[in-house]
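Descriptive structure summary
So the chains spell out like this:
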Amino acid sequence: MASLNRRLSIAPMMDWTDRHCRAFHRALTVKALLYTEMITAPAVVHGDQQRLLGFDDVEHPVALQLGGSDPGQLAEAARIGQAFGYDEINLNVGCPSDRVQSGRFGACLMREPSLVADCMAAIKEAVSVPATVKCRIGVDDQDPQVSLFATVDACAAVGIEVFIIHARMAWLQGLSPKENRDVPPLDYALVRRLKRERPHLSVSVNGGIASLAEAETHLDDSDGVRLDGVMLGRAAYHEPAILGQADRRLFGGATSDVDAFAAIDRYRPYLAARLEEGVHLPAMTRHMLGLMHGRPGARAYRRILTVDSIAPGAGLEVVDRAVDAVREAEARLELRGEAA
């Protein structure tokens, strides 16, 4: 089975981590493992597979996250995903949305560890790439010290070795999906306990990690436990420039960081190719809005990418104008500093 470096991965995020987002993130980090949005197994089996699963080779390594609870259907979807070239097949056992609950998948599966294990056994049998689980620590009134270990142990018993743990409970009653990302308290200690007591498993932590500095603290072994990876979600999306430091800080080997301007230069060939195929510019530039966060000219940069990109025929010149707005603002600031 192929081995993937999991020190940093970018979380699957609905409506965000589409193929354009992933290609953009890859312009910032060569090493991080990228994930698709969750795609339901029935959609993969019966839907427009090229539209749902197609991706650019630049995205590797990239994992396909599936949603579902039918082992046979998940196995078929996993086979299709592997045929498309995905480097990992991941099962979502953490999404708390109403739609997910009605479909008997996502976080509600934390109540059915044996079913999760059946699903994972089917996926593992169907593919040669890693089959992995992303889960919460429990749902509603479960005791997370019981529910997390029950789910992990059931899956480990059928040969699953890789787990990504969102270190919060999911409250399926009384909280919205958005609130479920913030309100339930984080329990990183429980994830570290899982790794301590199951050292043979690969355990990565997700949830509330806002910076690379925080990621580094999760990867240290000051308490005798070394987690295998950290998964960043909203921080990576809203402030993607931090990913330009990831290869050096978290993986080693890189001698320099990728700055925001260099990332856009790297992303340009992808933008040009998709524009040639008829993809509208805003579908791609929307993922770039946070790149200049905190820099002079960031507001003008966002405005140009948001407003000018929707004009008929908008192309790379819009991106160039947005970049120029930042460069000019920084130059003005530098001149004022010199004058002072």
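Everything discussed here concerns the structure shown above.
Below you will find a few notes about this structure. (Residues numbered from 1 in each chain as written. Predicted model: local features only at pLDDT ≥ 70, side-chain atom pairs only at ≥ 80, totals over all residues. Heavy atoms only, no water.)

Quick word on unusual backbone geometry
What you tend to see is this: most non-glycine residues have negative phi, and most peptide bonds are trans. The omega torsion of the bond from His-60 to Pro-61 falls at -5 degrees, within 30 degrees of zero and hence cis. Among the secondary structure elements, Pro-61 is positioned in the loop between helix H3 (49-53) and strand E3 (62-67). Positive phi, normally seen in glycine, also occurs at Asp-140, with a value near 50 degrees. As for its placement among the helices and strands, Asp-140 is situated in the loop between strand E6 (138-139) and helix H7 (144-156). (Helix = DSSP H or I, 4+ residues; strand = E, 2+ residues; numbered from the N terminus.)

Describing the side chain of Thr-29
Within the secondary structure layout, Thr-29 lies in the loop between helix H1 (19-28) and strand E2 (33-40). Dropping the residues within four chain positions of it, Thr-29 is found in contact with Leu-243, Ala-246 and Asp-247. (Contact = heavy atoms within 4.5 Å.)

Details of the pattern of salt bridges
One pass over the structure, following the stated rule, counts 19 salt bridges. A salt bridge links Arg-22 to Glu-59, with the shortest nitrogen-to-oxygen separation between them at 2.6 Å. Of this pair, Arg-22 sits in helix H1 while Glu-59 sits in the loop between H3 and E3, and the two are 37 residues apart along the sequence. This pair shows no difference in class: Arg-22 is buried, exactly as Glu-59 is. One network of salt bridges, in which partners are shared, links Asp-153, Arg-193, Glu-197 and Arg-198. (Salt bridge = Lys/Arg side-chain N within 4 Å of Asp/Glu carboxyl O. Buried < 20%, exposed > 50% of the residue type's maximum accessible area, 1.4 Å probe, protein only.)

Quick look at the packing of helix H4 (residues 71-84) against helix H6 (residues 113-126)
Axis separation between H4 and H6 bottoms out at 8 Å; the angle between their running directions is 35 degrees. Classified by chirality, the crossing of H6 by H4 is right-handed. Note on element contacts: H6 touches H4 through Asp-118, Cys-119, Ala-122, Ile-123 and Ala-126, opposite Pro-71, Leu-74, Ala-75, Ala-78 and Arg-79. Per-class residue counts for the contact of H4 with H6 are 8 nonpolar, no polar and 2 charged. (Axes fitted to C-alpha atoms, helices over the stretch in contact; angles between N-to-C directions. Left-handed = near helix turned anticlockwise from the far one by under 90°. Nonpolar A, V, L, I, M, F, W, Y, C, P; charged D, E, K, R; others polar.)

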